[in-house]
Amino acid sequence: MQLASVQVRPRRAAEEREEPPPGPAPPSTHHSDHQFKNMKSKFFNELTHMPNHKLKMPMWAIGAIVLVVLALVACLGFCIWKKCINKGKKPKKARERKGGRGRRKKEGAGEGEEGKEGEGKEGEEEEKENFGKLEFTLDYNFTDNQLIVGILQAENLPAMDMGGTSDPYVKVYMLPDKKKKFETKVQRKNLCPVFNETFIFKIPYQELGGQTLVLQVFDFDRFGKHDVIGQISIPMNSVDLAQPLHEWRDLVGGEKEEVEKLGDICISLRYVPTAGKLTINIMEAKHLKAMDCGGLSDPFVKVVLQHQGKRLKKKKTTVKQNTLNPYFNESFSFEIPFGQIQKVQVLITVYDYDKLGSNDAIGKVWIGFGASGVGLRHWSDMLANPRRPVAQWHALCPEEEVDEALKKPIR
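Reading the values: the criteria
Residues numbered from 1 in each chain as written. Predicted model: local features only at pLDDT ≥ 70, side-chain atom pairs only at ≥ 80, totals over all residues. Heavy atoms only, no water. 1 Å grid on protein atoms, 1.4 Å probe; cavity = no way out; pocket = protein on both sides within 12 Å on 5 of 7 lines; lining within 4 Å. Points joined across faces, edges and corners; volume = space filled by probe spheres on them. Nonpolar A, V, L, I, M, F, W, Y, C, P; charged D, E, K, R; others polar. Phe/Tyr/Trp six-rings, centres within 6.5 Å; stacked < 30°, edge-to-face > 60°. Buried < 20%, exposed > 50% of the residue type's maximum accessible area, 1.4 Å probe, protein only. Helix = DSSP H or I, 4+ residues; strand = E, 2+ residues; numbered from the N terminus. Lys NZ or Arg CZ within 6 Å of the ring centre and 35° of its normal. Pairing = 2+ DSSP bridges. Axes fitted to C-alpha atoms, helices over the stretch in contact; angles between N-to-C directions. Patch = residues over 30% accessible without salt bridge, like charges linked within 9 Å, V, L, I, M, F, W, Y side chains within 5 Å. Areas by Shrake-Rupley, 256 points an atom, 1.4 Å probe, with all protein chains shown as cover. Salt bridge = Lys/Arg side-chain N within 4 Å of Asp/Glu carboxyl O. Contact = heavy atoms within 4.5 Å. Arc of directions from axis to C-beta. Core = buried A, V, L, I, M, F, W, Y, C linked by side-chain atoms within 4.5 Å.

What about the layout of surface pockets?
- A volume near 940 Å³ is recorded for the second largest pocket.
- Along the walls of the second largest pocket sit 25 residues, with K179, K202, E207, D354 and D360 positioned nearest its centre.
- Among the residues making up the lining of the second largest pocket, the classes are represented as nine nonpolar, five polar and eleven charged.

Pasting the structure below:
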């Protein structure tokens with residue numbers, strides 16, 4: 001018995017020795033936290049030591065860049081979604097918008113037209129106010145077949161000059177023939193001028209109904225064309241001439257009167273100083289204004305010689321019947337001493353001959369002392385070439401304009 005127990009004990013001791021050693025104990029919590037922090041610090045150290053760190057960008061800048069990239073990606077996704085998913089809805093909205101625009105345009109056009117009409121009316125009213133008014137009288141003398149036109153005064157004329165004034169005068173004529181034109185005296189620097197002038201047109205009553213009386217107010221300009229301030233047109237078939245007419249009327253805007261082409265005349269001048277002899281040769285004319293009903297004229301030429309405003313002599317050519325391109329070739333000689341030739345004026349007027357009434361002036365030319373343009377140059381060429389004829393074409397001017405220029409003082 002004792003032997004058996006002794007044998008068992010050694011066997012148990014041997015079994016205890018043969019048992020494997022226990023494994024290593026699990027790491028503690030403190031050790032694991034320390035390891036995580038080491039890994040985190042290692043990651044950020046590697047991040048900060050990347051090649052881009054050469055720019056020395058702080059962490060907040062990197063975060064901002066990431067946010068911007070995300071925002072761009074979101075916008076791109078939204079645009080793709082808007083384009084692909086809502087593709088079918090766009091045409092309808094576009095049609096609605098187009099329809100709305102069309103309606104708005106039509107409405108706006110209607111309103112615009114109304115607005116334009118309103119503005120036009122206001123503009124017309126303003127223009128009428130700016131043009132001023134004219135007081136005139138009309139009367140007809142049935143015994144003498146005379147239409148008597150009185151130009152009394154004007155008011156509130158617009159200022160046409162730089163100084164805030166105007167130099168107004170009134171031109172009176174009949175349409176459509178314009179054979180006779182009258183002008184009042186120029187009222188200097190006056191926006192409310194008083195004229196009190198009367199003009200007479202000798203027209204049979206039977207012919208008066210188809211004509212129109214024009215009262216045209218101009219601003220006189222010494223160195224340029226006269227500007228139209230305003231005008232009044234009076235159809236004679238709308239006026240009761242059984243009794244005198246006296247009224248004020250508003251001036252309306254008038255276009256500049258077209259310059260009529262009256263024709264041209266060719267003149268030759270020759271002066272011999274030793275003999276004191278001036279020879280004027282009326283050679284020919286062309287494209288004269290038609291003065292007769294048949295579209296022709298019966299032209300002749302009057303030559304007037306003046307010295308310092310005093311008429312010395314006058315001559316006339318023969319009448320050429322029914323032509324607008326007459327050929328005269330008629331010479332007239334005048335004795336002018338060399339000491340006076342510098343102050344001589346030659347006035348050449350082309351008339352239309354009328355058997356029954358007065359002769360109507362077609363146009364006029366001024367050559368010599370005080371003239372300008374071609375008239376002065378022709379005279380200077382004659383004096384520079386003594387004993388030699390010098391020919392020159394001259395454009396005819398209205399008789400009234402030449403007469404008005406002759407009244408001005410010569411510098």
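Anyway, onward from the coordinates.
Some details on the packing of aromatic side chains
- Per the counting criterion, the structure on display carries seven aromatic pairs.
- Between Y140 and F142, the ring centres sit 4.8 Å apart and the planes meet at 75°, which makes this aromatic pair edge-to-face.
- What makes Y140 buried here is its relative accessible area of 5%.
- Taken together, a centroid distance of 5.2 Å and an interplanar angle of 50° make the contact between F142 and Y205 tilted. In this pair, F142 is assigned in the loop between β1 (133-141) and β2 (146-155) and Y205 in helix α5 (residues 205-208), connecting sequence segments 63 residues apart.
- Classification of F142 as partly exposed rests on a relative accessible area of 44%.
- Ring pairs connect the aromatic residues Y140, F142 and Y205, which therefore count as one cluster.
- Residue placement shows K171 over the ring face of F218; its charged tip is 4.9 Å from the ring centre.
- Seen from the ring of Y173, K181 lies directly overhead, with NZ or CZ sitting 5.6 Å from the centre.

Concerning the sheet that holds strand β8 (residues 245-250)
- Across the sheet, which stays open at both edges, the four strands sit in the order β5-β2-β1-β8 with antiparallel pairing between neighbours. In this open sheet, the two strands that pair with only one neighbour each are β5 (194-202) and β8. Neighbour to neighbour, the strand axes of the sheet diverge by 20° on average, direction disregarded.

Concerning the pairing of strand β14 (residues 344-352)
- In terms of burial, β14 is largely enclosed, as nine of its nine residues are buried.
- Because side chains alternate across β14, one face comprises the buried residues V344, V346, I348, V350 and D352, and the other comprises Q345, L347, T349 and Y351, equally buried.
- Relative to β14, strand β11 (residues 299-307) is paired through nine bridges, and the arrangement is antiparallel. For H307, the partnering residue across the bridge sits in β14 and is V344.
- Two elements, β14 and strand β15 (residues 360-368), share eight bridges in a ladder whose sense is antiparallel. Note that in β15 the partner of I348 across the bridge is V365.

Section: a nonpolar patch on the surface
- Side chains of I62, V66, L67 and L70 sit close together on the surface and give an oily, nonpolar patch of about 370 Å² of accessible area.
- Position of L70 relative to the elements: it lies in helix α3 (residues 59-85).

Details of the sheet that holds strand β9 (residues 264-272)
- Reading across from one edge, β13-β10-β9-β16 is the order of the four strands in this open sheet, with antiparallel pairing throughout. Looking at strand neighbours, the two that pair on one side only are β13 (327-335) and β16 (390-395), the edges of this open sheet. Across this sheet, the average inter-strand angle for adjacent strands is 20°, counted without regard to direction.
- Relative to β16, β9 runs antiparallel, the two sharing six bridges. Residue C266 lies in a different strand from β16, and its bridge partner there is W393.
- Each of β9, β10 (277-286) and β16 touches helix α6 (residues 374-384); the most contacted strand, β16, lies at about 175° to it.

With respect to α6
- Residues of α6 that are buried: G375, H378, W379 and M382. Each buried residue of α6 lies within a common arc of 95° when the element is viewed along its axis, so the set occupies one face.

Notes on the nonpolar core
- Counting 30 residues, the largest nonpolar core has I265, I280, I282, V303, V346, I348 and W379 as the members making the most contacts within it.
- Mapped by element, the contributors of at least two residues to this core are β9, β10, β11, β13, β14, β15 and α6.
- With sequence-adjacent residues up to four places away left out, I265 is seen in contact with I282, E284, A285, V301, I348, V350, V365, Q392, W393, H394 and L396.
- With 28 residues, the next largest nonpolar core counts V149, F201, I234 and L251 among its residues.

Regarding the environment of K286
- Tracing the backbone shows K286 in strand β10.
- Here the alpha-carbon distance between K286 and W393, two residues 107 residues apart in the chain, equals 10.0 Å.

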